[in-house]
Amino acid sequence: DVKVTQSSRYLVKRTGEKVFLECVQDMDHENMFWYRQDPGLGLRLIYFSYDVKMKEKGDIPEGYSVSREKKERFSLILESASTNQTSMYLCASRDSSYYNEQFFGPGTRLTVL
Amino acid sequence: AQTVTQSQPEMSVQEAETVTLSCTYDTSESDYYLFWYKQPPSRQMILVIRQEAYKQQNATENRFSVNFQKAAKSFSLKISDSQLGDAAMYFCAYYNQGGKLIFGQGTELSVKP
């Protein structure tokens, strides 16, 4: 059973704080993704990684960075959190076959005050 | 760039009845994959059904089936014999040849007992 876990279900941070969201998958998947989910907008891709130390920008990378030092772990970093980054963040992973399904984590609901 | 549109923000169905969720997409690619994902309240997103564009036959998974109209760029999801556990947010998604999933805005389905 594929398992994607995220470090926190709920997180509250202050404006200007540095925020780390961690994601771990246990299926040796090459590809990992970070999405942001907002009502009425669906899921939007922030960054993705197709290999260790490799990353590519998604559709809304501004204000975010990522790190992938190990194959199973993909971190999303908010260098200086802002209120407009209050959202649900979803991590996903997939194997190398692009037509295969992505497996999602439970999500982190981040509130920036 | 591809786009995915779900024009029904909310839908409601009576238990044991049938409901159809709509999805349209825009693309110039000829080969692609389409997905329906389900996100139950406070639970992880899971794959419901997948359709390969080159296959004319509509995909079916138990009570879930799709009506794939390639020329019309339409990909609707039909849920038969609706159950209380079907209540969730449903997302239509398009897989482009760059390996990215593009999501629609989502349709929130409620099931009335």
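What counts as what
- Residues numbered from 1 in each chain as written.
- Chains lettered and ligands numbered in written order.
- Predicted model: local features only at pLDDT ≥ 70, side-chain atom pairs only at ≥ 80, totals over all residues.
- Heavy atoms only, no water.
- Contact = heavy atoms within 4.5 Å.
- Buried area = accessible area lost by both parts, 1.4 Å probe.
- Polar contact = N/O pair within 3.5 Å; in protein donor to acceptor, adjacent residues only side chain to side chain.
- Helix = DSSP H or I, 4+ residues; strand = E, 2+ residues; numbered from the N terminus.
- Nonpolar A, V, L, I, M, F, W, Y, C, P; charged D, E, K, R; others polar.
- Disulfide = S-S within 2.5 Å.
- Buried < 20%, exposed > 50% of the residue type's maximum accessible area, 1.4 Å probe, protein only.
- Pairing = 2+ DSSP bridges.
- Axes fitted to C-alpha atoms, helices over the stretch in contact; angles between N-to-C directions.

## A look at the interface of chain B and chain A
- Taken together, the 19 residues of chain B in the interface contact 23 residues of chain A.
- Across the interface of chain B and chain A, roughly 1800 Å² is buried in total on both sides, 53% from carbon and sulfur atoms.
- Joining chain B to chain A, the criterion identifies five residue pairs in polar contact (both at pLDDT 80 or more).
- For the side of chain B that touches chain A, the secondary-structure elements that each account for two or more residues are β5 (33–39), β6 (46–52), β10 (88–95) and β11 (101–103) of chain B.
- In terms of residue count, the dominant contributor to the side of chain B that touches chain A is β5(B) (four residues).
- Of the residues belonging to the side of chain B that touches chain A, the class tally is nine nonpolar, seven polar and three charged.

## As for unusual backbone geometry
- One non-glycine residue, K53(A), lies in the positive phi region at around 65 degrees.
- Within the secondary structure layout, K53(A) lies in the loop between β5 (42–51) and β6 (54–57).

## Overview of the state of the cysteines
All names here are of chain A.
- Per the counting criterion, the structure on display carries two disulfides over all chains.
- Linked covalently through their sulfurs, C23 and C91 form a disulfide whose S-S length is 1.8 Å. Taking the sign of the S-S torsion, -75 degrees for the link of C23 and C91, the bridge is left-handed. Taken as a pair, C23 in strand β3 (residues 19–25) and C91 in strand β9 (residues 87–94) lie far apart in primary sequence, 68 residues in all. Side by side, C23 and C91 carry an identical accessibility label, which is buried.

## Structural notes on the sheet that holds strand β1 (residues 4–6) of chain A
All names here are of chain A.
- Strand order in the open sheet formed by four strands is β1-β3-β8-β7, and the pairing between neighbours is antiparallel. The open sheet has two edge strands, β1 and β7 (65–70), and neither has a second partner. With strand direction ignored, the average angle separating the axes of adjacent strands in the sheet is 20 degrees.
- When β7 meets strand β8 (residues 73–78), the two strands line up antiparallel, connected through four bridges. When the sheet's bridge partners are listed, S65 is paired in β8 with I77.

## Focus: the environment of E15(B)
Residues and elements named next belong to chain B.
- As for its position among the elements, E15 is in the loop between β2 (10–14) and β3 (19–21).
- As for E15 and S110, which are separated by 95 residues in sequence, their C-alpha atoms are 9.6 Å apart.
- Look past the residues within four positions of E15 in its chain and what remains in contact with it is S82, Q83, L84, V111, K112 and P113.

In short, shape yes, function no, at least from these values alone.
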